[in-house]
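Here are the chains, one letter per residue:
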Amino acid sequence: MGLPSMGSASAAELSPSLERTLGDAIMEQGRRDPDYIADPDVSQYLTNMGRGLAAHSPITVQQPITVFGVRDPQVNAFALPGGYVGINSGLVVQAQSESELASVLAHEIGHVAQRHIARGMTQRSQSSGVMMAALAAALLAALSGSGDLAMGVAAFGQAAAVDRQLGFSRQAEQEADRAGFEMMRKAGYDPRGMVRMFKQLANASRLNEGMGGGDYTSTHPLSIQRMADIENRVSEMPAAHPKGSDSFWYIRAKLRVMQARDGQSQRNAVEKLQLDASQAAGVEQSAAWYGLAYAALQKKDTAQAEQALRNAQKNGQGSPEVAGLAVSLALAQGDNAQALALAQAASDRWPDSQGIALARVESLQKTGQDEAAVQFLQQRIKQWPDVPRLYQLQAQSQERLGQKVAARRTMASYYDMTGALATAVEQLQQARNMTKDFYVQSELDVQIRTLKERLKADRELLERFKS
């Protein structure tokens, strides 16, 4: 492949563990940004794709890949420190196939594998140095407890700006292309999707028709050399039989609705989905009806949502996304018992769907079955120990059951996982004040001391970047 490894100097300045700490701090604030997409279907789909690609990287990826969605119609993607990758909703909506989406994500993971982000940050050019200092100042304010929503939004924006300021070199871009190409090929996607996406981005940039391609091509310039390199590699490959998941079409339809902010863009989104529903077939048609049902439910039009959902389910079409929306519709109609029955059936059919699991928990809680919810959540936490929302829901049920100490300890885990260490400490201190059990107090003392040491280490790290 001819892919160089990171130099020892850069690794010494910003080790993978320190890079992850910085990424965690950025994401703790970034999750407060209203553009951050917390939808479990979207998050699980993107992260599963990212980790599947990373498993086939020609260079070992030293960070666990976490991919998140951003509500923005611009065609863009960006990598943050610590293995975090942001994907704009517009990129998913504009992709004509799952392989096209995978091509951009694979390219970003190529940057992560090559540690281009760490290298760019430690080179400390004047522009990136100023951006890093501003970012560090915002994160330090948040760690001290003086941060608010506006500060969180600023931190997330500055983090994305750092990615832009790094201005990866032509060589770095080509390295990421080649690594991404290999990931796609080995993971079962069609590498031709990379060529198609490159051409689409180039056209969007050249025609400037508001598709947003210029945003991505300005930070990842599509040189003739890069295009020719990938086209040559594709020409040497035998005919591909790419894999594809139905989830791509359902997630794409949901994001088309989700990114439409004003009345006109909402109408445009619905018109496009209606066109697809009338002209497409199979899963693409079902996904269009699903998108229309989701749009109607957002407007609280349950009758229209119910009709569109029935159309999405025609001809035996089924998916965890459709099943999850059926549960949400039943809850919106006030039929909690029906919602629970649907959620239990869907959970049995799609046990690996986080969206379905969360819908089942919500249904259990709405029907007053908090004990069953806690038991179900304990199993799901074993299945997905890195999903913070599970801990938050478990704490809510524990609180209602009168398990106040356990509820605060669980919430501490939630805040710990989302990077809010100071708030996690507060939860543990509250739990300690609520119990007289010596052994529980001793356990809590150890947890509090450990978190305080991590909080101190995080502050020292950020102070380093602030200077």
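Structural notes, computed from the coordinates. (Residues numbered from 1 in each chain as written. Predicted model: local features only at pLDDT ≥ 70, side-chain atom pairs only at ≥ 80, totals over all residues. Heavy atoms only, no water.)

### Digging into the overall build of the chain
Where we set the bar: Under the DSSP-based scheme used, a helix requires at least four consecutive residues in state H or I and a strand at least two consecutive residues in state E, with every element numbered from the N terminus. Burial here depends on accessible area, computed with a 1.4 Å probe over protein chains only, as a share of the maximum for the residue type. Under 20% is buried, over 50% is exposed, and the range in between is partly exposed. The contact criterion used is simple: two residues touch if any of their non-hydrogen atoms lie within 4.5 Å. Under the convention used here, a 1.4 Å probe and the Shrake-Rupley method define accessible areas, while residue burial counts only the protein chains that appear.
Assigned secondary structure in the chain consists of 24 helices and four strands. Each of the 467 residues in the chain was classed as buried or not, and the buried ones make up 54%. Of all intrachain contacts in the chain linking residues separated by at least 6 positions in sequence, the fraction that spans at least 24 positions is 68%. A total accessible area of about 20400 Å² is found for the chain, and carbon and sulfur atoms account for 48% of it.

### Describing the nonpolar core
Burial of nonpolar side chains together is a common tendency in soluble globular proteins. Rules: We define the nonpolar core as a collection of buried residues of types Ala, Val, Leu, Ile, Met, Phe, Trp, Tyr and Cys that are connected through side-chain atoms lying within 4.5 Å of one another.
By size, the foremost hydrophobic cluster in this structure holds 71 residues, and its most contacted members are L53, I87 and L101. When residues of this core are assigned to their parent elements, the largest contribution, ten residues, is made by helix α15 (residues 282–298). Apart from residues lying up to four places away in sequence, L53 is in contact with A102, L105, A106, I109, M183, M184, A187 and Y189.

### Considerations on the packing of aromatic side chains
Inclusion rule: Aromatic contacts are taken between Phe, Tyr and Trp rings whose centres are within 6.5 Å, Trp giving its six-membered ring; a plane angle under 30 degrees counts as stacked, one over 60 as edge-to-face, and the others as tilted.
Within the structure shown, the criterion is met by six aromatic pairs. When the ring of Y36 is compared with that of F68, the centres are 5.8 Å apart and the planes differ by 35°; the resulting orientation is tilted. Taken together, the residues span a long stretch of sequence, with Y36 in strand β1 (residues 36–37) and F68 in strand β2 (residues 66–70) at a distance of 32 residues. Assessed through its relative accessible area of 1%, F68 is described here as buried. Between F68 and F78, the aromatic rings sit 6.0 Å apart at their centres with planes inclined by 75°, giving edge-to-face as the arrangement. Residue F68 is located in strand β2, and its partner F78 is located in strand β3 (residues 77–79); the two are separated by ten residues in the primary sequence. Taking relative accessible area as the criterion, F78 reaches 9% and is therefore assigned buried. Every member of this aromatic cluster is reached through a ring pair, and the members are Y36, F68 and F78.

### Details of the pattern of salt bridges
This is how the line gets drawn: The working definition used for a salt bridge is a side-chain nitrogen of Lys or Arg within 4 Å of a carboxyl oxygen of Asp or Glu.
Within the structure shown, the criterion is met by 23 salt bridges. Put simply, E28 and R32 hold a salt bridge, and the shortest N to O gap is 3.4 Å. A residue is classified by how much of its surface remains accessible, and E28, at 12% relative accessible area, is buried. Across the pair D276 and K272 runs a salt bridge, and its minimum N-O distance is 2.8 Å. Linking D276 with K272, this pair stays in helix α14 (residues 263–279), spanning four residues, or about one helical turn. Residue classification places K272 among the partly exposed residues on the basis of a relative accessible area of 31%. Within the structure, one salt-bridge network assembled from shared partners comprises E100, D190, R192 and R196.

### Focus on the pairing of strand β4 (residues 84–88)
This is how it is decided: Any two strands with at least two DSSP-identified bridges between them are counted as paired.
Summarising burial for β4: five of the five residues are buried, a large majority. The two faces of β4 match: Y84, G86 and N88 on one face and V85 and I87 on the other face are all buried. Bridge analysis of β2 against β4 gives five bridges, and the strand direction is parallel. Counted as the bridge partner of F68 is G86 from β4. Relative to β4, β3 runs antiparallel, the two being bridged by three bridges. Bridged to F78 within β4 is G86. In this structure, the hairpin formed by β3 and β4 is closed by a connection of four residues, where G82 is found at a positive phi of approximately 85°.

### Focus on the pairing of β2
Taken across its five residues, β2 has four buried, putting it largely inside the fold. Pairing between β1 and β2: two bridges, direction antiparallel. The residue of β2 that forms the bridge with I37 is G69.

### With respect to helix α16 (residues 302–312)
Condition: Relevant arc is that of directions from the helix axis to the C-beta atoms, nothing else.
Residues of α16 that are buried include every one of A305, A308, L309, N311 and A312, and no others. An end-on view of α16 places all buried positions within 155° of arc, on one side of the element.

### Notes on the sheet that holds β4
An order of β1-β2-β4-β3 is seen for the four strands of this open sheet, with the pairing classed as mixed. What marks the edges here is a single partner per strand, and that holds for β1 and β3.

### Quick word on the packing of helix α13 (residues 247–258) against α15
Packed helices, taken two at a time, are described by the angle between their axes plus the distance between the axes. As a reminder, the rule being used: The convention used is that axes are lines fitted to C-alpha atoms, helices contributing only their stretch in contact, and that angles between N-to-C directions extend from 0 to 180 degrees. With the far helix as reference, a near helix turned anticlockwise by less than a right angle produces a left-handed crossing, and one turned clockwise produces a right-handed crossing. As a working rule, the residues Ala, Val, Leu, Ile, Met, Phe, Trp, Tyr, Cys and Pro are called nonpolar, Asp, Glu, Lys and Arg charged, and the rest polar, with Gly in that last group.
Look at α13 against α15: their axes get within 8 Å of each other, and the N-to-C directions meet at 35°. In the crossing of α13 with α15, the sense of the turn from one axis to the other is right-handed. Where α13 approaches α15, its residues W249, Y250, A253, K254, V257 and M258 are matched on the opposing element by V283, E284, S286, A287, Y290, G291, Y294 and A295. Here the residues of the contact of α13 with α15 sort into ten nonpolar, two polar and two charged.

### Regarding the side chain of R256
Just so we agree on the cut-off: We count Lys and Arg on the positive side and Asp and Glu on the negative side, and we leave His and both chain ends out.
Locating R256 in the fold gives a position in helix α13. Salt bridges are absent for the buried R256, whose nearest opposite-charge side chain, D276, sits at 4.9 Å. Setting aside its immediate chain neighbours within four residues, R256 contacts V93, A269, K272 and L273.

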